[in-house]
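Below, each chain spelled out in residue letters.
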Amino acid sequence: MDATANKVRKTAVGSSLPHDSAHLHVSGRAAYTDDLPEPRDLLHVAVGMSSKAHARLRSINVDDVLAAEGVVDVCLAADIPGENNCGPIVHDEKIFATDTVEYTGQAIFAVAARTVEQARKAAELAKIEYEELEAILDPATAIEKGSFVLPTETLTRGDAAAAIGEAPRRLRRRITIGGQDQFYLEGHISMCVPQEDNGLLLYSSTQHPDEVQHLVANATNRAAKDVVCVCRRMGGAFGGKESQAATIACIAALMTAKTGRSCKLRLDRDVDMIMTGKRHDFVVDYDVGFDETGRIRGIDFTFASRCGVSADLSGPVNDRTMFHCDNAYFLENVNIESHRCKTNTVSNTAFRGFGGPQGMFAIEYAIDDIARTLDVDPLEVRRRNFYGIGERDVTQYGQAVEDNILDMIADKLEASAEYRKRRAAIREFNASSTVLKRGIALTPVKFGISFTATHLNQAGALVHVYKDGSVHLNHGGTEMGQGLFIKVAQVVADELGVPVSTIRINAADTSKVPNASATAASSGSDMNGKAAQLAARKIRNRLTEFAARHFSVKESAVDFEDSRVSVGSDSLDFAELVQLAWLDRVSLSATGFYKTPKINYDRSTFSGRPFFYFAYGAAVSEVVVDTLTGENRILRVDIVHDCGDSLNPAMDLGQVEGGFVQGAGWLTSEELWWNDAGELQTHAPSTYKIPTSSDLAPEFNVTLLENAANREDTIYRSKAVGEPPLMLAISVFHAIRDAIATDGNPLPALDAPATPEAVLRAIEAANP
Amino acid sequence: MLDGEIVELANVDPTRTVLQFLREDLGRTGTKEGCAEGDCGACTVALAELDGSGNGLSLKAVNACIQFLPTLDGKELITVESLDRHGTGLHPAQQAMVEHHGSQCGFCTPGFVMSLFALYKSQRDPTRRDIDDALAGNLCRCTGYRPIVAAANAMYEIPAADDDWLRQPHGSDQTVADRVERLRRIQHGNSLELHHGSRAFFAPRTIGELAGLLDAHLDATILAGGTDIGLWVTKQHRELETLIYVGEVEGFADISESDTHLEIGGAATFSDAMPAILEHYPLLDEVLRRFASPPIRNAATLGGNVANGSPIGDSMPALMAAGASVVIRSAGGSRELALDDFYHDYQVNDLRPGEFIERIRLPLPGPGASLRCYKLSKRFDQDISSVCAAYHLELEDDCVKSIRIACGGLAATVKRAAHCEQAMTGRPWTEDTIAEGMAAFARDFEPITDMRASAAYRLRSGKNLLRRLYLETRGELTESVYLYGRHG
């Protein structure tokens with residue numbers, strides 16, 4: 001194996017190939033689930049939803065639904081042949097409500113009709129009698145009432161209370177952090193096509209085909225073998241299609257099971273935003289003791305997140321908050337309490353960063369407060385608290401930070417962004433500008449890579465080489481735009497010494513690669529890249545062995561490059577060798593399996609090594625704020641980000657830039673707003689505002705760290721890049737805070753998102 | 001017209017959207033649905049039609065998701081598939097997107113490509129602001145836009161593979177004559193009348209016909225750009241019995257100027273009205289640019305915005321502050337009414353059944369007067385105001401000769417700030433007067449709290465905008481936060 005590894009030439013890997021579907025995207029020829037040809041028996045499905053946040057269901061009358069034009073059938077909880085559950089970890093989430101509804105938008109029934117419009121119109125015709133119950137609509141009330149989806153967790157190191165008490169300085173604060181809708185451009189969709197002998201074929205826009213397969217099998221009373229789930233691509237996902245896709249798929253499949261016909265459920269945008277989960281909003285209390293240099297002596301965090309009605313992925317999401325409330329800083333004495341609040345709102349779920357952003361936001365807020373209290377540059381306080389190298393280098397969960405490059409990145413960025421010079425210039429500007437104020441901040445990112453649930457860190461791949469030398473590639477990962485498919489194809493191409501164009505990249509398919517984890521936790525290329533490499537290497541090794549035998553040379557004399565295979569002093573086309581190997585009855589198909597090494601982690605004590613390694617980055621953002629209205633704009637952004645040795649710098653750059661802008665949206669313009677009845681009022685792009693082109697900073701300098709090979713043995717020493725860049729946008733928030741801080745209001749109480757209203761509130765809190 | 005073929009349709013559902021037609025009827029799935037409300041741009045297509053002269057083409061991007069199919073009569077529809085229909089090679093807008101990694105998940109990409117195509121055909125050297133404007137109606141959740149902006153700059157450098165009109169950038173339209181000729185062939189000059197079950201669609205050709213039709217169908221819905229009515233169908237699933245489309249009425253979209261007024265026809269789109277308004281009121285530049293997005297402005301009409309009368313419509317504050325009036329027409333004749341008197345209550349206006357807004361009369365600015373308008377929203381582009389406030393200010397000897405303030409987002413209708421105006425009129429233009437104006441402003445409005453802003457913020461920022469007005473007139477505030485650092 002090692003001998004082969006040394007011979008594989010890095011040709012495709014490391015080059016900025018375009019996304020494998022780019023030419024299809026731009027021409028409208030890339031097929032998403034709703035673009036697939038429709039079976040001729042297809043029915044369209046719509047969901048009947050609860051209009052109450054919490055109520056007993058007295059009666060459900062669907063007579064008018066059934067009588068509506070075009071309607072073929074309805075499906076209620078009683079029609080479910082298997083288990084009425086779509087909870088991925090804890091079985092606490094029903095597909096269709098039974099006796100009570102627990103949030104506005106909860107599915108009560110589904111209707112199938114000949115057209116989408118008919119189904120959607122009919123879904124509104126049910127007569128549902130509710131007996132309203134008291135609803136808990138925010139985390140603070142949930143804590144008051146002791147309403148939790150999962151038990152409260154605590155992680156402690158040292159003696160935080162004593163350290164805080166003994167520290168020369170102390171600060172306490174409550175901060176609120178808003179949630180965020182994933183706002184993938186392609187809404188949730190699933191099409192179920194019945195197969196012979198009770199089989200079901202699901203086309204689903206999902207990050208987790210395996211989970212769709214299993215939950216559909218479970219709900220329709222079938223075995224996993226009877227259900228196949230396929231996903232060629234998603235129109236964006238960002239975590240929103242990790243667990244949530246299963247609900248949609250289950251409803252489509254249940255309708256197929258009932259009618260025997262193909263059924264498609266495509267959520268309208270508003271329904272999608274009302275019915276499916278988002279990033280958790282948090283209330284965080286911290287109490288921090290520190291010294292005159294700004295170094296933290298002890299800190300106590302209480303996190304309370306809005307989990308909604310069920311556990312969904314809230315356990316691991318909140319665990320990750322606990323693992324990331326250190327961000328880049330050594331917290332010697334720390335106490336972390338994490339409440340997972342049950343509220344009568346939609347069940348919150350995965351979203352890029354997966355709880356990490358909220359933890360990092362909290363510690364960065366504390367650091368900023370410390371610096372402003374001491375009247376020193378927050379960057380100095382950040383540096384004073386950075387993890388050390390060889391000392392002060394163990395996280396609160398006991399994992400040593402072995403790959404620390406925080407100082408190096410901060411130094412590089414501070415220089416390239418001219419941080420000091422600009423900070424001084426901004427101070428000068430603000431002294432003479434009364435209405436417009438500018439601000440600047442540098443914030444770091446350290447993000448742990450791996451699923452915290454160790455068993456999920458496994459991946460499979462399947463590679464076929466056909467007789468003509470062309471290659472078929474499958475792996476367990478899904479493509480949501482991140483460039484996973486092209487990256488893995490680059491790995492396989494180099495393994496076989498062929499160009500990427502030789503490889504057909506295929507849809508994620510549970511019948512090709514079984515039991516795959518979700519494409520999540522930024523781990524897609526790390527795990528699937530390795531698995532596909534192993535599969536391709538098996539074939540290469542078989543071909544090498546065959547060529548050596550066939551041409552009577554040593555195996556070391558066989559080499560693959562540029563679609564040619566050299567055999568001693570001769571060479572032949574890769575395709576010719578493949579043809580010869582086939583004639584010699586050599587297997588040209590192989591699976592690869594990978595499990596992430598080194599990780600071990602004990603959930604019961606929150607200790608061990610949950611992460612294979614850390615990814616790093618830092619950003620400097622500069623903003624301008626109108627202090628009369630709170631309106632704010634980003635002026636300049638400088639980023640240095642660590643992707644290890646990038647598999648594809650263009651794809652990685654896209655993740656860094658896109659992640660940053662998405663994070664900036666989370667912390668500025670994207671606001672989820674519920675009314676007093678618990679109805680989400682921001683459920684469409686008209687009311688929920690993600691960034692547009694004009695929000696992009698006019699100066700946006702992004703650099704991928706060079707010569708930054710991962711010290712762990714990842715695929716080509718690259719690093720995961722999906723989630724970490726999102727948190728670079730915390731710099732935007734603190735730049736805004738920097739802009740509005742004054743002598744009279746040194747610690748502005750700014751909540752996230754920093755909408756104009758939130759900013760004006762923070763400004764005027766000091767002089768009401 | 002689609003890809004050079006004349007498409008004739010019978011038994012068309014009047015409220016079938018162009019997007020449904022493309023995806024469901026033709027199986028042309030390149031155009032995507034992202035929101036079905038004209039807010040994300042995934043469904044962007046282009047429409048080409050004969051321009052006013054009949055000798056040239058006008059091309060505009062629109063949102064297929066809320067465009068009703070019958071409004072395409074006599075026009076050419078261009079979709080993402082049209083750009084490389086023969087598979088001869090990607091269009092420069094497409095090629096630039098590939099080369100600059102402008103797509104990730106790719107779902108928004110066809111819409112971006114069509115907006116870029118519209119830009120390519122309408123401008124040669126766009127600035128960053130022009131590009132942002134052109135893309136204001138397209139949401140991308142993956143890229144963060146940097147590579148798309150790069151593609152917008154780069155597309156002009158990519159040589160077009162053939163001499164198809166579609167592939168020629170703005171200013172080199174050698175083959176436009178063929179295109180014009182093709183479109184001429186499908187002009188029939190007749191009023192259109194479609195029936196579908198009990199439902200009907202009319203597209204009259206003259207104002208008289210329009211008035212007659214409305215008189216005959218008092219419960220009819222007037223359809224102009226459809227950027228609101230489209231949502232009644234896609235979101236509220238309403239069945240509209242009788243639609244009277246005003247987009248084909250001759251002269252109804254005309255914009256003319258007298259010695260005293262700008263006369264804007266009721267069916268003039270925002271895209272057409274904007275330059276005429278800006279010529280006289282240049283300070284409205286920012287607020288007009290921020291009115292929705294190009295695909296919406298290309299369809300939506302000023303008359304529709306005024307008649308619709310949303311309390312958060314962005315055109316009315318400036319019109320009202322400027323002292324605009326509306327000319328109301330019916331089969332029985334016409335009458336003129338000050339915009340001040342047009343709105344009675346939430347979504348209740350002075351229009352009686354059978355009446356429509358024939359034109360909007362905007363007074364030309366007098367000497368010494370200025371008209372400013374500020375819009376507050378969570379996002380710069382394509383957002384709905386939390387507060388939109390307009391000020392028509394006339395100063396004489398440093399005193400307030402007259403001030404008219406009209407605000408959206410603060411009451412059930414767009415409304416004048418009468419107490420505030422009164423408190424400042426005749427007073428010296430000073431900080432003290434502004435302070436009094438701010439105090440009086442609080443008596444003018446009792447705003448509501450909703451998802452866009454709280455009542456407290458609306459009132460507070462509304463007051464603070466008076467200070468902004470003052471500082472701007474004093475030359476003490478010369479930059480808006482939106483343009484700061486974004487020139488060029």
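Residues numbered from 1 in each chain as written. Chains lettered and ligands numbered in written order. Predicted model: local features only at pLDDT ≥ 70, side-chain atom pairs only at ≥ 80, totals over all residues.

A short note on the overall build of chain A
Here comes step 1: Each helix and strand in chain A was counted, giving 20 helices and 29 strands.
Here comes step 2: Across its three principal axes, chain A shows a C-alpha extent of roughly 85 × 75 × 45 Å.
Here comes step 3: Out of the 768 residues belonging to chain A, those deemed buried represent 63%.
Here comes step 4: Across chain A, the fraction of contacts at a sequence separation of at least 24, relative to all contacts at a separation of at least 6, is 80%. (Helix = DSSP H or I, 4+ residues; strand = E, 2+ residues; numbered from the N terminus. Buried ≥ 20, exposed ≤ 12 C-beta atoms within 10 Å, placed from the backbone. Contact = placed C-beta atoms within 7 Å.)

Here's the deal with the overall build of chain B
Here comes step 1: Helix and strand counts for chain B come out as 16 helices and 18 strands.
Here comes step 2: Computed over the C-alpha atoms, the radius of gyration of chain B is 23 Å, within 12% of the 23 Å expected from 2.2 N^0.38 for a compact globule of 488 residues.
Here comes step 3: By its C-alpha atoms, chain B is 70 × 55 × 40 Å across when sized along the principal axes.
Here comes step 4: A total of 488 residues make up chain B; the buried ones form 55% of that total. (Rg over C-alpha atoms; globule rule 2.2 N^0.38 Å.)

Quick look at the environment of His 100 of chain B
Residue and element names in this part refer to chain B.
Here comes step 1: Looking at the element boundaries, His 100 is found in the loop between α2 (92-99) and α3 (109-120).
Here comes step 2: Exposure remark for His 100: the 22 C-beta atoms within 10 Å place this residue in the buried category.
Here comes step 3: Considered as a pair, His 100 and Asp 381 are 281 residues apart in the sequence and their alpha carbons are 24 Å apart.
Here comes step 4: When sequence neighbours within four positions are dropped, the list of residues in contact with His 100 reads Pro 147, Ala 150, Ala 151 and Ala 154.

Brief notes about the sheet that holds strand β14 (residues 296-308) of chain A
Residues and elements named next belong to chain A.
Here comes step 1: Strand order in the open sheet made by the five strands is β7-β15-β14-β13-β8, with mixed pairing throughout. The sheet terminates laterally at β7 (148-157) and β8 (169-177), the two strands that pair on one side only. Averaged over neighbouring strand pairs, the angle between their axes works out to 10° when direction is ignored.
Here comes step 2: Relative to strand β15 (residues 334-342), β14 runs parallel, the two being bridged by nine bridges. Looking across to β15, one finds that Phe 303 is bridged to Ser 338.
Here comes step 3: Where helix α11 (residues 356-374) meets the sheet, its contacts fall on β8, β13 (282-290) and β14, and the angle it forms with β8 comes to roughly 140°. (Pairing = 2+ DSSP bridges. Axes fitted to C-alpha atoms, helices over the stretch in contact; angles between N-to-C directions.)

Thoughts on the domain arrangement of chain B
Here comes step 1: Each assigned domain of chain B is listed with its residue range as follows: domain 1 (1-188), domain 2 (189-250), domain 3 (255-363) and domain 4 (369-473).
Here comes step 2: Centre-to-centre, using C-alpha coordinates, domain 2 of chain B lies 37 Å away from domain 4 of chain B. (Domains from an automatic or database assignment.)

Quick word on the packing of α2 of chain B against α3 of chain B
Residues and elements named next belong to chain B.
Here comes step 1: Where α2 contacts α3, the axes come no closer than 9 Å and their chain directions differ by 125°. The pairing of α2 with α3 is recorded here as oblique in orientation. For α2 against α3, the interelement crossing comes out right-handed. Between α2 and α3, the residues in contact are Pro 92, Ala 93, Gln 94 and Met 97 and Thr 109, Val 113, Leu 116, Phe 117 and Tyr 120, respectively. (Parallel < 35°, antiparallel > 145°, perpendicular 65-115°, else oblique. Left-handed = near helix turned anticlockwise from the far one by under 90°.)

Here's the deal with unusual backbone geometry
Here comes step 1: Residue Ala 752 of chain A is joined to Pro 753 of chain A through a cis peptide bond whose omega torsion reads 5°.
Here comes step 2: Of note, Pro 753 of chain A is situated in the loop between α19 (730-740) and α20 (756-764).

A word on the sheet that holds strand β16 (residues 436-449) of chain A
Residues and elements named next belong to chain A.
Here comes step 1: What the four strands build is an open sheet, ordered β16-β27-β28-β29; its pairing is mixed. Where the open sheet ends on each side, the last strands, each with one partner, are β16 and β29 (699-704). Geometrically, the sheet is characterised by an average inter-axis angle of 15° between neighbouring strands, direction not taken into account.
Here comes step 2: Pairing between strand β28 (residues 632-641) and β29: six bridges, direction parallel. Along β29, the bridge assignment pairs Val 637 with Phe 700.
Here comes step 3: Set on the sheet, α19 makes contact with β16, β27 (613-626) and β28; between it and β16 the angle comes to about 150°.

Here's the deal with helix α18 (residues 649-667) of chain A
Here comes step 1: Counted at 1.5 Å a residue, the expected span for α18 of chain A with its 19 residues is 27 Å, and the 27 Å between its end C-alpha atoms agrees.
Here comes step 2: Along α18 of chain A, 17 of the 19 residues are buried, which leaves the element largely enclosed by surrounding structure. (Expected span 1.5 Å × (residues − 1).)

A look at the nonpolar core
Residues and elements named next belong to chain A.
Here comes step 1: Within the largest apolar cluster, 360 residues are counted, with the highest numbers of intra-cluster contacts made by Val 45, Val 111, Leu 202 and Ile 251.
Here comes step 2: With 11 residues, helix α8 (residues 244-259) is the single largest residue contributor to this core.
Here comes step 3: What Ile 251 contacts, discounting residues up to four positions off in sequence, is Val 45, Val 47, Ile 95, Ala 107, Ala 110 and Leu 265.
Here comes step 4: Core analysis: the next-biggest nonpolar cluster, separate from the first, contains 46 residues, Val 498, Val 513, Ala 535 and Leu 647 among them. (Core = buried A, V, L, I, M, F, W, Y, C linked by C-beta atoms within 7 Å.)

With respect to the interface of chain A and chain B
Here comes step 1: Contacts between the two partners involve 69 residues from chain A and, on the opposite side, 70 residues from chain B.
Here comes step 2: Elements supplying a minimum of two residues to the side of chain A that touches chain B: α2 (22-27), α4 (116-123), α9 (269-275), β27, β28, α18 and α20 of chain A.
Here comes step 3: Of all the elements, α18 of chain A adds the most residues to the side of chain A that touches chain B, at seven residues.
Here comes step 4: Among the residues forming the side of chain A that touches chain B, the class breakdown is 28 nonpolar, 24 polar and 17 charged. (Nonpolar A, V, L, I, M, F, W, Y, C, P; charged D, E, K, R; others polar.)

Considerations on the environment of Asp 35 of chain A
Residue and element names in this part refer to chain A.
Here comes step 1: Mapped onto the elements of the fold, Asp 35 is located in the loop between α2 and β1 (43-49).
Here comes step 2: Given 19 C-beta atoms within 10 Å, Asp 35 falls into the partly exposed group.
Here comes step 3: Once the C-alpha coordinates of Asp 35 and Ala 410 are considered, the two residues, 375 residues apart in sequence, prove to be 46 Å apart.

Notes on the domain arrangement of chain A
Residues and elements named next belong to chain A.
Here comes step 1: Annotation of chain A at the domain level lists domain 1 (2-15 + 458-595) and domain 2 (403-453 + 604-768).
Here comes step 2: Once you take the C-alpha centre of each, domain 1 and domain 2 turn out to be 39 Å apart.
Here comes step 3: Across the contact, 20 residues belong to domain 1 and 19 residues belong to domain 2.
Here comes step 4: At the level of elements, α15 (484-496) and α16 (524-551) are the ones that each hand at least two residues to the side of domain 1 that touches domain 2.
Here comes step 5: A total of six residues in the side of domain 1 that touches domain 2 trace back to one element, the largest contributor, which is α16.
Here comes step 6: The class makeup of the residues in the side of domain 1 that touches domain 2 is four nonpolar, 12 polar and four charged.

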